Amino acid sequence: MTFPLIHVPVLGDGMTIALNAVLHVLISHGVAIGMTILIVLFQNLAATGHGRFWGETARALLKPVVVITTSVGAVTGVGIWFITGILAPEGIGSLIHLFFWPWFIEWWAFTTEVVFLLIYYFLWDRLAERRPRLLMAVGWGYVAVALSSAVLISGILGFMLTPDGWPQGGTFTQAYFNPTFVPQFMLRIFAGIALGALLILGWTGWRFRGSADERGRVFRATGLVMLAAMAGTALFAWIYFSRIPGTYLTHWKFSVATSVWSQTPNLLPVLNGAAVACLALAAVAGLLKRRGAAMILFLPALILSVGLVAEFERVREFVRGPYLLPGYMYANQSRMVRHEASKAEDRPLLATLDWVNETTDKAPAARAGRALFDANCGVCHTIGGINDITVRLRGRTLESVNAMTAITESMVPFMTPFNGSEEERLTMSTYLYSMANKDTLPRPQLQGEVK
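Right, let's walk through the structure included here. Here the structure is a predicted model, which means the values were calculated and not measured.

Here's the deal with the overall build of the protein
Right, on to step 1. A tally of regular secondary structure across the protein gives 20 helices and two strands.
Right, on to step 2. Sorting the 451 residues of the protein into buried and exposed places 49% on the buried side.
Right, on to step 3. Pairs at least 24 apart in sequence give 73% of the contacts found in the protein among residues at least 6 apart.
Right, on to step 4. As displayed, the protein offers around 21600 Å² of accessible surface, 67% of which is attributable to carbon and sulfur atoms.

Topic: the pattern of salt bridges
Right, on to step 1. Within this structure, the stated rule accounts for ten salt bridges.
Right, on to step 2. Ionic pairing is found between Arg-188 and Glu-313, a salt bridge with its closest N-O pair at 3.0 Å. Here the residue Arg-188 occupies a position in helix H9 (residues 181-207), and Glu-313 occupies one in helix H14 (residues 291-318), the gap between them amounting to 125 residues. For the pair Arg-188 and Glu-313, one class covers both residues: buried.
Right, on to step 3. Linking Glu-345 and Arg-347 is a salt bridge whose minimum nitrogen-to-oxygen distance equals 2.6 Å.
Right, on to step 4. Linked through salt bridges whose partners overlap, the residues forming this network are Arg-188, Glu-313, Arg-316, Glu-317 and Arg-320.

Here's the deal with the side chain of Ser-334
Right, on to step 1. For Ser-334, the location among the structural elements is in the loop between strand S2 (329-330) and helix H15 (336-345).
Right, on to step 2. Once residues lying within four places of it in the same chain are set aside, the contact partners of Ser-334 are Met-329, His-339 and Asn-419.

Let's talk about the nonpolar core
Right, on to step 1. Residues Ile-39, Phe-42, Leu-61, Leu-62, Tyr-120, Leu-198 and Met-226 are the most contacted members of the largest nonpolar core, which totals 57 residues.
Right, on to step 2. If one sorts the elements of this core by residue count, helix H1 (residues 13-47) sits on top with 13 residues.
Right, on to step 3. When residues no more than four places from it in sequence are discounted, the contact partners of Tyr-120 are Ile-39, Val-40, Gln-43, Leu-62, Leu-135, Val-138 and Gly-139.
Right, on to step 4. Residues Leu-98, Trp-166, Ala-175 and Leu-325 belong to the second largest nonpolar core, which totals 20 residues.

Some points on the packing of H9 against H14
Right, on to step 1. Viewed as axis vectors pointing N to C, H9 and H14 meet at an angle of 155°, and their least axial separation amounts to 9 Å. In terms of their interaxial angle, H9 and H14 are classed as roughly antiparallel. Handedness of the crossing formed by H9 with H14: left-handed. Residues Gln-184, Leu-187, Arg-188, Leu-195, Leu-198, Leu-199, Leu-201, Gly-202, Gly-205 and Trp-206 of H9 pack against Arg-291, Ala-294, Met-295, Phe-298, Ala-301, Leu-302, Ser-305, Phe-312, Glu-313 and Arg-316 of H14.
Right, on to step 2. Split by residue class, the contact of H9 with H14 holds twelve nonpolar, four polar and four charged.

Structural notes on a nonpolar patch on the surface
Right, on to step 1. Together, Ile-96, Phe-100, Trp-101, Phe-104, Ile-105 and Trp-108 make up a nonpolar patch on the protein surface, roughly 670 Å² of accessible area in all.
Right, on to step 2. If one sorts the elements of the nonpolar patch by residue count, helix H4 (residues 100-122) sits on top with five residues.
Right, on to step 3. Take Phe-104: it is sitting in helix H4.
Right, on to step 4. In this structure Phe-104 comes out as partly exposed when scored by relative accessible area, which is 39%.

Focus on the packing of aromatic side chains
Right, on to step 1. In total, this model carries 25 aromatic pairs according to the counting rule given.
Right, on to step 2. Note on Tyr-121 and Phe-122: the rings are 4.9 Å apart at their centroids and 75° apart in plane angle, and the pair reads as edge-to-face.
Right, on to step 3. Accessibility expressed as a relative area gives 14% for Tyr-121, which makes it buried.
Right, on to step 4. When its relative accessible area of 60% is taken as the criterion, Phe-122 is described as exposed.
Right, on to step 5. Chaining the aromatic ring pairs together yields one cluster made of Phe-99, Phe-159, Trp-166, Phe-172, Tyr-176, Phe-177, Phe-181 and Tyr-328.

A look at the side chain of Asn-178
Right, on to step 1. Tracing the chain through its elements places Asn-178 in the loop between helix H8 (172-176) and H9.
Right, on to step 2. A polar contact is formed between the side chain of Asn-178 and the side chain of Thr-162, at a distance of 3.1 Å.
Right, on to step 3. Setting aside residues up to four positions removed in sequence, Asn-178 forms contacts with Gly-155, Gly-158, Phe-159 and Thr-162.

So, the state of the cysteines
Right, on to step 1. Within the structure shown, the criterion is met by zero disulfides.
Right, on to step 2. Free of any disulfide, Cys-377 has its nearest neighbouring cysteine sulfur in Cys-380, separated by 8.8 Å.
Right, on to step 3. Note on Cys-377: relative accessible area 16%, which makes it buried.

Digging into H9
Right, on to step 1. Compared with an ideal rise of 1.5 Å per residue, which puts 27 residues at 39 Å, H9 spans 38 Å between its outermost C-alpha atoms and is within 8% of the ideal.
Right, on to step 2. Taking burial as the measure, the 27 residues of H9 include 20 buried ones, the bulk of the element.

Cut-offs used in this document
- Residues numbered from 1 in each chain as written.
- Predicted model: local features only at pLDDT ≥ 70, side-chain atom pairs only at ≥ 80, totals over all residues.
- Heavy atoms only, no water.
- Helix = DSSP H or I, 4+ residues; strand = E, 2+ residues; numbered from the N terminus.
- Buried < 20%, exposed > 50% of the residue type's maximum accessible area, 1.4 Å probe, protein only.
- Contact = heavy atoms within 4.5 Å.
- Areas by Shrake-Rupley, 256 points an atom, 1.4 Å probe, with all protein chains shown as cover.
- Salt bridge = Lys/Arg side-chain N within 4 Å of Asp/Glu carboxyl O.
- Core = buried A, V, L, I, M, F, W, Y, C linked by side-chain atoms within 4.5 Å.
- Axes fitted to C-alpha atoms, helices over the stretch in contact; angles between N-to-C directions.
- Parallel < 35°, antiparallel > 145°, perpendicular 65-115°, else oblique.
- Left-handed = near helix turned anticlockwise from the far one by under 90°.
- Nonpolar A, V, L, I, M, F, W, Y, C, P; charged D, E, K, R; others polar.
- Patch = residues over 30% accessible without salt bridge, like charges linked within 9 Å, V, L, I, M, F, W, Y side chains within 5 Å.
- Phe/Tyr/Trp six-rings, centres within 6.5 Å; stacked < 30°, edge-to-face > 60°.
- Polar contact = N/O pair within 3.5 Å; in protein donor to acceptor, adjacent residues only side chain to side chain.
- Disulfide = S-S within 2.5 Å.
- Expected span 1.5 Å × (residues − 1).

Okay, here's the thing in structure tokens:
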């Protein structure tokens, strides 16, 4: 191990990454792609003589798109790689090593995307009347760059779930053009357009300043686009999930509803069906120019669509089971080949941990136990926060805790196997036992004093 192990206390690594990632996906897909495509379409309608109000509508929508995309969207986009780079340096290092050029080109695409958007916004008033077709070209240029950025990143995201033959073949082509690359890209684009249309639908109901006829025409166009995008989303979601190995799909209910709620098998399908129905009704309300219905349905549809995005990202991350990269690396950044060799030789792990925090525990055995917990379990569990390991182990004997750490991967299919020697496993088990039962007697069986 050459990188320091850093875990987020209380909130946990997974929740920290998820909060940033879901917010970024909502903005990058719904606002930067979905809303902007409709804005460019509206400007095209104005430029081709279908009504001045289309241009005024597009201009009114463009300002919040620019502000949100270049502020929160840009910060959360950089934040994803910053956070995951700190929390999973081995995993990110492997991805950069394999996908250096797509990653490099994607950064240029992102920069070009921002430049196009700023040109589109700041030259609007100058070009809209005198050179509308040049403005159209700038708008479509932005859309093309935004879509190319999504293409570049979709290959990397798909690889993290379905590396296909890459662990055996090891070629770039096998990694990048993996089975879920295309359906995931199409799914994200259609979902982004549907979300963007929903946001414009709500704006049209609450903020549109034109005549009733003009409002109705914007409603009808937006509702039609939203329905078509939802159909595309459903199609590519089906293709996407059909290409995920069946053994992974068994995890999806646990990933979203936890082990407690997953025992109610119909809960998630019913909730997802209700969410899709609400979104469809909002789109139909727009198509039929029903302003009141669209306004009433907008807020619940928006909340439910946020839930669907969060569910998709959660499932995509969690169904990988114990793997960060299936067939190559476990979620705790232990490479599978290295893990198997260490296990066969009963090789200690502590000797490879160069960055142990010596301020957390005074007793050497407790310090070693905490370091082994951080290296093996800290990616998913916390001590005292979300998914608290002490709550799960409270009341158990040391023998049972030690037995559980020996069979984590077979006990729960999405847990990683212990990495380290048998002696170290007992050290970690003793530490966890002491932390789970520190308010009860007898005292933990560590050699030193435990806080």
